[in-house]
Every structure is written in C-alpha cells, then in structure tokens.
Amino acid sequence: MRTNILGIYDDEDVVLKAVDKLQDNGVKVADVMSPFPIHGIFEKLNLKTRMPLATFLYGTFGVIVVFAFLYWTSVVSYPLKFGGKPLNTLSFIIIIFVLTIFIGTLFTFLTYFIREKMYPGKEVTLPVPESTNDKFVIVVSKTEEMTDMDVKNINKLMKESGAVEIKESDVNYNS
Amino acid sequence: MYNTRVRGVLIKGNKSYSDITHEVLRPMNDKTPMWWWVTAFLATGALFWGVWGFYNTITTGIGAWGLNNNVAWGWAIINFVWWIGIGHAGTAFSIFLLIVRQKWRTSINRAAEAMTIFAVMAAGLFPLIHMGRIWDGFFIFPYWNTRGPLWDNFNSPLFWDVVAISTYFMASFAFWYIGMIPDFATIRERTASKIKRKIYGVLSFGWIGNAKGWLRFETAAILLGGMAAPLVVSVHSIVSMDFSVSVIPGWHTTIFPPYFVVGAIFSGFGMVLTLMIILRKVYRFKDIVTDGHFDAVARILTFISLIMATAYLTELFMAWYSGNEYELFTFMQNRVTGDYTFAYWTMITCNAIIPQLFWFKKIRKNIPMVFIISIFINIGMWFERYVIVVTSLSKDFLPATWATYSPTITEIAIFVGTIGLFLLGVLMFFRFVPTIAISEVKSVLKETTTLKSFTDED
C-alpha cells in the first residue's frame, strides 16, 4: 500500500514557497492538489503536456482528410459543374477551414479525457475533499527507503513552510 | 506569459475562497424560488405553443407561413440569424477575453457560454423546419447514396451554414463543459445528499484537481478557445454569405461578413447584459458581478454601436456611390423611406443611437437604465434582420412581382416557442449548474483584492 504525506495549506503563495522549500531540501514533491490552477506550479514540478502538438497533428490531419474528400467527391466521383466554377474550386477553403476546427476540437476534447483517464461516473476518493474548495495539498509519496528521520524531516519542513495541517493517507486518489 | 494590468478589485467584500464557493452554490441548495416556477411555467407554455406551430408547419407545409414567391424568406430566417447572433455572446465573451487575458471575464463567462448553447439550439430549429420536408433532412449530409452517388453542392452557403453551425455548437459545448468540470467536482465533494453526489459525480468525470490535471485543463481550455475564436468570425460570415452571394439589391455587398459579425457580437453582448443583470439581482451576486463588470460591457457596447452606425452609413453611401439604381431604390425608397420606414428607423434608433447613452458614466452606473438599453439592443438587432430580409425581397427588379409580407400566427408561434426553449434552458442552468465559474473566480481573487476598486477606476 502506498502512503502519502499530505501537507495542507490555505494560501496559494504559501504553497509555492513550500514547494520550493521541500525541493531545496531534496524532498520529491509528487503532486499538488488545488481548487484552481496555481500559476508557477507547473514549472516547479516540471510538468509538461504535449496536447498542443496533438492538436496541431489533428488539425493537419483534418485539412488533408477534408480536402481529399471534397476533391474526390467533386472531381473524381461525380464531376458536376456548379455556376461555371472549376470542379476543384477555391471556395472549398471554407469547408476545409470549418471542418478542420471541428476535427481539431473534437479530438482535443477526447484526448483531454483519455489522457486524464476521466470518464462519466468515475469514482474517486479525495484524501482531502476540501482541496476542491479552499485547501491546497502538497503530496509527498512515502517510499520504503524513507527512514522515520526522513518522514519527521518532511513533517518539519511542511510545518515550517506554513502548513495548517499535516497528515498521512493511503487514499489512492490518482489511479 | 503575457498578462494585462488588472483593473482593480474584481470581487468585492474581502471574500475567502470558501465564501465564493458558498455564495455561488447557495442558490442551488436553496428551495426552488417562486419566480423560477412562474417563469418556467410561462416558458413551458410558450414552448408548447411553438410545438403547435412546428406541428402545423410540418403537417401543412411551408404554406402555413406568410411567405410568397417574392418574400420566400420570412420570420424563420430573421429569427434564425437573430438567435445565432445572440449565440455569439458566450464565445466572443469568454474566448476573446481569454485570449486578451481580461480577468474580469471570469464572473460572467459561464453564463454567457450557457446562453450561447441555448441560443444556438433555438437557432438550429429554423433551418430544420424551413426545409418543409423535415424527414428528408439527412439529404444535407454528404453520404454514399444510390443517386450517382450525387454529392452536396459544396459551394452553397446553405451547406456551409450546416457545417459552420454544427461545428460552432460542438466547439462551444466542449469549451463550456470542460470549464464546468472542476465546479461539478466541488459540488460532489461538498453536498450531503447522496443523489446529488451521484449525479455531480457522474458529471464531474472523476476530477481530482491535481497539478497535472490543472495543467491539461488550462492547456485544453486555451486550445479549444484558440480554435473556437476564428469560428466566432467565420460562423456569422458564413451566415451573411447566405445573403451576400445572391444578387438581390441590398444583399449583394462585400460589407456583409464584417457587418454581420459585429452585429452578432453586439446582440450577444446585449443579451449577456440582460441576463446577467437578472441573474445578479435574483441571486444577489453583487460582490462577484460588480457594477464594474457591467460598466466594462457597456463600454464595449458603445464602441460596437459606433461600428454598427458606420456600417449602416457605409451601406447607404455605397448604394449611392455604386450608381446602381436598384441598390439606391432599395435603400432610399424602401428602407429610409417607404413601406418599411418604421422597421428601418427602429433599427437605427435602437442599435446606433440609444447605446450612445453609455458615453455618460451616470447611465452606465444606473443598472435599471443599462437593463432597458440592453433590451433595446435586442429589439434593434431583431429589426436589423427584418429590414435586411424583408425589404430586399419584397421589391426586387420587376415591379409586377412586388409583394408584401406579414407573418402568420404559425410563424409567431414558432418564434415564441424558441424563446420558451431558450428561457427553459437558461432556467435549468440557473438552477442546476454553478452560474459563475467558481474555480476561475478564485484564481483571480487574490491578485485583485489588494488593489483599488474596479468601479472607482476612472
């Protein structure tokens, strides 16, 4: 069973300083839970996302697929002149533009849920339910190599950095 | 990251994070108020009348409407464009203001987006019934068929419309829903009721609010917003092309796309004001939606109103400058003067003149006055579409075919029905969804409380 040490804070700026302090002392901060995104935390925890790249690829895919479809239907499958315009016309741009956004949006939306492993009705138990309201939680994983001394040290660092409460929890919230 | 200067206190009353959660969720926990039931009753009545109009149209055919050979587009198209215009508010509001990092959007964006969803739903009904044979509606999709296969005309603005509006609906919904997930999780963790916990548990998709989750959340919001921003411009440009690619005098002008887009944002912001003033009043959100927020929207409206006035004048100028006698006739003898003088001047008064009152600080601060002006904008924008559709069609190139148009009771019923549908949607939203984006308001709370008040800025 994995146990986490949780430092509970009630201010976003205090949390940022606390993360710095823990990291400066060689403690690995596993996660931070908050009621809203804290600016600057992503860099500190070294978190990155490749979603923009994914969206770009979806968009590229969209442009190609939609153009291929329009070209195939209008030029290859059933070439029919409308209003004296060429079969492969410039006005395809409009549909390509809009449907590219359609494909990009839909796939980005789905990617978000797939990457977050979120789906309707997923059951979760939060170690600190107030973290969706007004509490900020710094999560440090308690590994087997940690001695009692290390744990005490982490507790001390959290306390010094302004935690309002420190507790241990085996709730596996992020599965 | 680029940040704009914060214009003072956005949330008044020195609130804690918990206060905000409590205040926004309070109306959802209270007993359903009486005004809610009364409005819901009226809206349902309107909706039922609309269903009758709908039924009448489907069983009788388009003959149930007051259309004729000349005026082949009547209230259906007017109302369609009107609703789509209103539907531009949410996206224009949240997304443009997100991109230019205006933090004051956070108190209003959720409601504006909800409005978008319901307005686009109402708008979508009109093209559907205008087809007459609604059961053949699937013809619009380019599917493999036994007629060749014969495909759609991909150069037709009516096909672009279908694509644009379904994309717009999907994109607005995706953006709106992702934004609501953390707030649903907040309700899930707070509620004592088992049923509520279950429902909001399902809606919150298992949101936990950890750092990686927030990173992906913010990235998804900016990506979806970035993709939807060009849609705001393209949707109404495409709607305007329904008119401008034809050769009807009064429609065949290059100013139409920008003129329609600006008009859409204008009516959308007008409707946002109308609804937010009501929402703030009934839910006592005075500290979160401050006078400063309304002031900011009113200033934007003043500016957009000037653009509208410029567009109206440009149309008149071009009618003269083009030397085209049909254009000149349509504008001068069938709009400025003539049978439709009332509609034309109502449009000018409501859209270009009345909003200029917002130049006065006294009026911007007077909320009942702001409310009344916002209603005038909604009416003016409806008349704008009426002027465009009816005047141009009623008197075209051949005087022998001139015709007048007035709606039948069926058309009126359908319009009233869509208002009922929109109102019901908004009422559901008021009752079951956090009407203000809790997590977003919290994220701007701290950096904006120590500064001087938003309202006293100038």
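Rules of the game
- Residues numbered from 1 in each chain as written.
- Chains lettered and ligands numbered in written order.
- Predicted model: local features only at pLDDT ≥ 70, side-chain atom pairs only at ≥ 80, totals over all residues.
- Heavy atoms only, no water.
- Helix = DSSP H or I, 4+ residues; strand = E, 2+ residues; numbered from the N terminus.
- Expected span 1.5 Å × (residues − 1).
- Buried < 20%, exposed > 50% of the residue type's maximum accessible area, 1.4 Å probe, protein only.
- Domains from an automatic or database assignment.
- Axes fitted to C-alpha atoms, helices over the stretch in contact; angles between N-to-C directions.
- Parallel < 35°, antiparallel > 145°, perpendicular 65-115°, else oblique.
- Contact = heavy atoms within 4.5 Å.
- Nonpolar A, V, L, I, M, F, W, Y, C, P; charged D, E, K, R; others polar.
- Core = buried A, V, L, I, M, F, W, Y, C linked by side-chain atoms within 4.5 Å.
- Buried area = accessible area lost by both parts, 1.4 Å probe.
- Salt bridge = Lys/Arg side-chain N within 4 Å of Asp/Glu carboxyl O.
- Pairing = 2+ DSSP bridges.
- Left-handed = near helix turned anticlockwise from the far one by under 90°.

**Focus on helix H3 (residues 75-86) of chain B**
Residue and element names in this part refer to chain B.
Here's step 1: For H3, spanning twelve residues, the distance from its first C-alpha to its last is 16 Å, which sits close to the expected 16 Å at 1.5 Å a residue.
Here's step 2: Counting buried residues in H3 gives twelve out of twelve residues, a clear majority hidden from the surface.
Here's step 3: Every buried residue of H3 is listed here: Trp75, Ala76, Ile77, Ile78, Asn79, Phe80, Val81, Trp82, Trp83, Ile84, Gly85 and Ile86.

**Topic: the domain arrangement of chain A**
Here's step 1: Splitting chain A by domain gives domain 1 (3-47 + 125-169) and domain 2 (51-115).
Here's step 2: Each of domain 1 of chain A and domain 2 of chain A was reduced to a C-alpha centroid, and the two centroids are 46 Å apart.

**Observations regarding the packing of helix H1 (residues 17-29) of chain B against helix H6 (residues 157-190) of chain B**
Residue and element names in this part refer to chain B.
Here's step 1: Where H1 contacts H6, the axes come no closer than 12 Å and their chain directions differ by 80°. Considering the angle they form, H1 stands roughly perpendicular to H6. Of the residues in H6, those in contact with Thr21, His22, Leu25 and Met28 of H1 are Thr186, Ile187 and Arg190.
Here's step 2: The class makeup of the residues in the contact of H1 with H6 is three nonpolar, three polar and one charged.

**With respect to the nonpolar core**
Here's step 1: Residues Ile138(A), Trp83(B) and Phe243(B) are the most contacted members of the largest nonpolar core, which totals 188 residues.
Here's step 2: In this structure, this core is formed jointly by two domains, domain 1 (3-47 + 125-169) and domain 2 (51-115) of chain A, each of which donates at least three residues.
Here's step 3: Among all residues touching Ile138(A), those that are not within four sequence positions of it are Ile5(A), Leu6(A), Gly7(A), Tyr9(A), Val15(A), Ala18(A), Val19(A), Leu22(A), Val29(A), Asp31(A), Val32(A) and Met158(A).
Here's step 4: By size, the runner-up hydrophobic cluster in this structure holds ten residues, among which are Ile8(A), Met33(A), Val137(A) and Tyr173(A).

**Some thoughts on the interface of chain B and chain A**
Reports often express the size of an interface as the amount of accessible area lost when the parts come together.
Here's step 1: Taken together, the contacts link 63 residues of chain B with 64 residues of chain A.
Here's step 2: Carbon and sulfur atoms make up 70% of the surface buried where chain B meets chain A, a total of about 5,600 Å² over both sides.
Here's step 3: The largest share of the area that chain B buries against chain A comes from Phe205(B), Ile208(B) and Arg216(B), three residues that together contribute 13% of it.
Here's step 4: The interface formed by chain B and chain A includes two salt bridges.
Here's step 5: Lys198(B) is the salt-bridge partner of Glu123(A), the closest N and O atoms lying 3.3 Å from each other.

**Remarks on the sheet that holds strand S4 (residues 165-169) of chain A**
Residues and elements named next belong to chain A.
Here's step 1: An order of S2-S3-S1-S4 is seen for the four strands of this open sheet, with the pairing classed as antiparallel. The open sheet has two free edges, formed respectively by strand S2 (31-33) and S4, since each of these has just one partner strand. Averaged over all pairs of adjacent strands, the angle between their axes in this sheet comes to 25°, without regard to strand direction.
Here's step 2: Here strand S1 (residues 3-9) pairs with S4 via five bridges, running antiparallel. Following the sheet pairing, Leu6 is matched in S4 by Lys167.

**Digging into the side chain of Thr435(B)**
Here's step 1: Here Thr435(B) is to be found in the loop between helix H15 (409-432) and helix H16 (438-449).
Here's step 2: If we ignore the near neighbours within four places in the chain, the residues touching Thr435(B) are Val24(B), Arg110(B), Ala111(B), Leu279(B), Tyr283(B), Phe285(B), Phe429(B) and Phe430(B).

**Observations concerning the packing of H3(B) against H15(B)**
All names here are of chain B.
Here's step 1: Put simply, H3 and H15 touch, their axes get as near as 10 Å, and they point 20° apart. Considered as vectors, H3 and H15 are oriented roughly parallel to each other. In the crossing of H3 with H15, the sense of the turn from one axis to the other is right-handed. Of the residues in H15, those in contact with Trp75, Asn79, Trp82 and Trp83 of H3 are Glu411, Ile412, Phe415, Thr418, Ile419 and Phe422.
Here's step 2: Taken together, the residues of the contact of H3 with H15 sort by class into seven nonpolar, two polar and one charged.

**Some remarks on unusual backbone geometry**
Most peptide bonds take the trans form, and the phi angle of most residues other than glycine is negative.
Here's step 1: Here Lys117(A), not a glycine, exhibits a phi torsion of approximately 50°, which is positive.
Here's step 2: Of the residues examined, Lys117(A) reaches a relative accessible area of 54% and is grouped as exposed.
Here's step 3: The residue Arg284(B) is not glycine, and still its phi comes out positive at about 50°.
Here's step 4: Tracing the backbone shows Arg284(B) in the loop between helix H9 (256-283) and helix H10 (291-321).

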